[in-house]
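Next come the chains, spelled out residue by residue.
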Amino acid sequence: MKIKNICCIGAGYVGGPTMAVIAQKCPEIKVTVVDINENRIKKWNDPDVEKIPIYEPGLSDIVKETRGKNLFFSTDVDQAIEKADMIFISVNTPTKTYGIGKGMAADLKYIELCARQIARVAKDDKIVIEKSTLPVRTAAALKNILDNTGNGVKYQILSNPEFLAEGTAVEDLLNPDRVLIGGDIETENGMEAVNALVDIYATWIPKENILTTNVWSSELSKLTANAFLAQRVSSINAMSQLCEVTGADVDEVARAVGKDSRIGSKFLKSSVGFGGSCFQKDILNLVYISRSFGLNEVADYWEQVIIMNDHQKRRFAANMVQTMFNTVAGKKIAILGWAFKKDTNDTRESAAIYVADYLLNEQAEIEVYDPKVTEEQIYSDLDYLGSRSGDVNRQAVTVVDSALVACEDAHAVAILTEWDEFVNLDWKKIYDKMYKPAFLFDGRRLLNSKTKKEIGFDFYAIGN
Ligand code: UDX
Ligand code: ADP
């Protein structure tokens, strides 16, 4: 089966970069990315390619190369579905905020809407691929909806979880550790669909790195991978607190531990807490699934990763208040970095949101600088928490376009995202412009403590 036409529903952080890379590597395939969000599609089509809605190193170059040739962005979802041989579902699956499973389960309403739309529009056989992270057995629900339309169209459902990390999405897509494709590998038609997708990836990825499994293994592998990664971060963050009271240095511990080839050195960087759209959502999902099967010990085990992460964010903020003589009321605090990690403009579940909220509850005045996150996004993140009115958020928080401006007349600076540019700021100049004692809290262990202390800062890094 040779695929000529791909449609991707959802032009977000996953759909956008993934389709751009497929379009670049498979010039003979027409790739159309659709979204109901008109504004988002408009930005993807902006003649100035630097204005595409997602910031990822290297992405704008690929969009520039492929857009209008074999990569298209559109709001005409029906037409793209109808023409496609292969449909990727790449819509958001946030944690439910209502009803059964509130705060734990994944909200599948967007997925279901897509399935119903495909069922309504499709006139010929399709391969439908779940790309969004989903609870195990979602493919079965998708299949149920699609197979019951009664219009004779046949569907093959594949699971092809995305393992790209934001900030390195393009690199991860070009050189993935592995690609995982789950399908109905027991049947001939199922295998044919799996192979059609294998052929696309095999254009640029060695075949031995393309794993094929049954659908359930594929779905569960994605949740497992994210749970393991998040668990490493929570594990090192748990040690960071122990380091602080014993005099050990968490980076030294991480280095020593990571040298053990059985453990490995990645994902052992202690921080103010992990964020992003996946880790928390996927673990909550895992906890919810485990509980719904009555596996309470399994659920409790994974839930602890989230509890530790919440603790880390809270204790960082609490330590700031405590260190600044137990009050930050009326004091200006500069927050450097709002994104959940460097090299992305994504702020979902970013630790910065929670630290800022804590400080605002203590009546601090906050000035934020992030090189890629917009003012609108920062206010929207704070408003979403509902801790205070939008007006109060706008009075208490100012968003500025330089780190130096944010730090001027501040009592404290908090580094909450590890943007490279923060390393080489003129820290002496910043110190001179701050109130004394000038507190510097490094939530990312980004800065050299020795040189900052020499300048005169009261310097605190997590895990020291
Ligand atoms: C993650 C997975 O890595 C990726 O495979 C999956 O497809 C989606 O979820 P992402 O959330 O984009 O990717 O970024 P990641 O690099 O995993 O970082 C997640 C969070 O953990 C960030 O807030 C990051 O700052 C934090 N982190 C990561 C640490 O605090 N310490 C580390 O050592 C690594
Ligand atoms: P992710 O990080 O998983 O890519 P995003 O929220 O960045 O998540 O992107 C998901 C996109 O899916 C959003 O732009 C949203 O508008 C889009 N979307 C959700 N439901 C539908 C739908 N039924 N049809 C088309 N697009 C949809």
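Heads up: the structure comes first, above all this text.
In this report, the structure presented in the accompanying data block is examined. (Residues numbered from 1 in each chain as written. Chains lettered and ligands numbered in written order. Predicted model: local features only at pLDDT ≥ 70, side-chain atom pairs only at ≥ 80, totals over all residues. Heavy atoms only, no water.)

What to know about the overall build of the chain
The condition is simple: Counting from the N terminus, the helices are the DSSP runs of H or I reaching at least four residues and the strands are the DSSP runs of E reaching at least two. With the radius of gyration taken over C-alpha atoms, the globule rule is written as 2.2 Å times the number of residues to the power 0.38. For the exposure calls, accessible area comes from a 1.4 Å probe over protein chains only, and a residue counts as buried if that area is under 20% of its type's maximum, exposed if over 50%, partly exposed in between. Contacts are assigned to residue pairs with any non-hydrogen atoms lying within 4.5 Å of each other. Note on areas: Shrake-Rupley, 1.4 Å probe, and residue coverage restricted to the protein chains presented here.
Along the backbone of the chain there are 18 helices and 14 strands. By the compact-globule yardstick of 23 Å for 464 residues, the chain fits well, its C-alpha radius of gyration being 23 Å. Seen through its principal axes, the chain has C-alpha atoms that stretch 75 × 50 × 45 Å. The burial tally for the chain puts 52% of its 464 residues in the buried class. At a minimum sequence separation of 6, the contacts of the chain that also span at least 24 residues come to 75%. About 20900 Å² of surface is accessible on the chain, with carbon and sulfur atoms providing 50% of the total.

Remarks on the sheet that holds strand 13 (residues 439-442)
Sheet strands associate in pairs through backbone hydrogen bonding, adopting either a parallel or an antiparallel arrangement. Applied cut-off: Strands are treated as partners if at least two bridges between them are detected by DSSP. All axes here are fitted lines through C-alpha atoms, helices being fitted over the stretch that makes contact, and every angle between N-to-C directions spans 0 to 180 degrees.
Taken together, six strands build an open sheet; the order of strands is 11-10-9-12-13-14 and the sheet is parallel. The sheet is open, and its two borders are formed by strand 11 (397-399) and strand 14 (458-461), each paired with just one other strand. Pairwise comparison of adjacent strand axes, ignoring direction, gives a mean angle of 20° for this sheet. In the packing of helix 13 (residues 351-361) onto the sheet, the strands contacted are strand 9 (332-336), strand 10 (365-369) and strand 11, and the crossing angle to strand 10 comes to about 160°.

Observations concerning the pattern of salt bridges
Put simply, the test is: Any Lys or Arg side-chain nitrogen located within 4 Å of an Asp or Glu carboxyl oxygen qualifies as a salt bridge.
Summed over all chains, the structure comprises 24 salt bridges. The residue Arg-262 makes a salt bridge to Asp-260 at a minimum N-O spacing of 2.8 Å. Since its relative accessible area comes to 74%, Arg-262 is described here as exposed. Asp-260 gets classed as partly exposed once you look at its relative accessible area, which sits at 23%. Where salt bridges share partners, they join Asp-249, Asp-251, Lys-269 and Arg-445 into one cluster.

Some words on the packing of aromatic side chains
Threshold: Within 6.5 Å between ring centres, the rings of Phe, Tyr and Trp (the latter by its six-membered ring) count as paired, and their orientation is classed by plane angle as stacked under 30 degrees, edge-to-face over 60, tilted in between. The rule is short: NZ of Lys or CZ of Arg within 6 Å of the ring centre and within 35 degrees of the ring normal puts a charge over the ring.
The full count for this structure, using the stated rule, is 12 aromatic pairs. Relative to Phe-73, the ring of Trp-44 has its centre 4.7 Å away and its plane inclined at 5°; by these criteria the two rings are stacked. Taken together, the residues Trp-44 in helix 2 (residues 38-44) and Phe-73 in strand 3 (residues 71-74) connect sequence positions 29 residues apart. What makes Trp-44 buried here is its relative accessible area of 0%. Ring geometry for Phe-274 and Phe-279: centres 5.5 Å apart, planes at 80°, overall edge-to-face. This pair shows no difference in class: Phe-274 is buried, exactly as Phe-279 is. Across the ring face of Tyr-55, the terminal group of Lys-372 is positioned such that the distance to the ring centre comes to 4.2 Å.

Here's the deal with the state of the cysteines
Filter applied, for reference: Put simply, a disulfide is two cysteine sulfurs that come within 2.5 Å.
Within the structure shown, the criterion is met by zero disulfides. Cysteine Cys-7 is unpaired, with the sulfur of Cys-8 as its nearest cysteine sulfur at 6.9 Å. Looking at Cys-7, the relative accessible area reads 0%, which means it is buried.

Overview of the site of ligand 1
Filter applied, for reference: Here a residue counts as near a molecule or strand whenever at least one of its heavy atoms sits within 4 Å of it. In protein, a polar contact requires one atom able to donate a hydrogen and another able to accept it; more generally it is a pair of N or O atoms within 3.5 Å, and residues adjacent in sequence count only if both atoms are side-chain atoms. Note that Gly is not counted as nonpolar here; it falls among the polar residues with everything else outside the nonpolar set of Ala, Val, Leu, Ile, Met, Phe, Trp, Tyr, Cys and Pro and the charged set of Asp, Glu, Lys and Arg.
Neighbouring residues of ligand 1: 20 residues in total, closest Phe-163, Glu-166, Ser-271, Lys-341 and Arg-444. Glu-162 is positioned such that a nitrogen or oxygen atom in its backbone is 3.0 Å from an oxygen atom of ligand 1. In the model, an oxygen atom of ligand 1 is placed 2.7 Å from a nitrogen or oxygen of the Arg-444 side chain. Relative to its unbound accessible area of 670 Å², ligand 1 is 90% covered by the protein chains. When residues of the shell around ligand 1 are assigned to their parent elements, the largest contribution, four residues, is made by helix 9 (residues 215-246). Each residue belonging to the shell around ligand 1 can be placed in one class, and the counts come to 11 nonpolar, three polar and six charged.

Things to note about the site of ligand 2
Around ligand 2 lies a shell of 15 residues, among which Tyr-13, Val-14, Asp-35, Arg-40 and Arg-348 are the nearest. The side chain of Asp-35 places a nitrogen or oxygen atom 2.6 Å from an oxygen atom of ligand 2. Within the backbone of Ile-36, one N or O atom sits 3.4 Å away from a nitrogen atom of ligand 2. In the complex, 90% of the free accessible area of ligand 2, which totals 580 Å², lies under the protein chains. Its residues assigned to classes, the shell around ligand 2 comprises seven nonpolar, five polar and three charged.

As for helix 14 (residues 375-385)
Test applied: Arc definition: it is the arc formed by the directions from the helix axis to the C-beta atoms.
Restricting attention to buried positions, one finds in helix 14 the residues Ile-378, Tyr-379, Asp-381 and Leu-382. What you see down the axis of helix 14 is that its buried residues fit within an arc of 155°, all on one side. Opposite the buried face of helix 14, at more than 90 degrees from it, the exposed residues are Glu-376 and Tyr-384. Among the structural elements, helix 13, strand 10, helix 15 (390-396) and strand 11 are those in contact with the buried residues of helix 14. At the exit of helix 14 stands Gly-386, carrying a positive phi of roughly 70°.

Remarks on the environment of Asn-464
Take Asn-464: it is sitting in the segment after strand 14. Residue classification places Asn-464 among the partly exposed residues on the basis of a relative accessible area of 44%. Separated by 274 residues in the primary sequence, Asn-464 and Gly-190 place their C-alpha atoms 54 Å from one another. There is a polar contact of 3.2 Å between the side chain of Asn-464 and the side chain of Asp-249.

Structural measurements only, silent on function.
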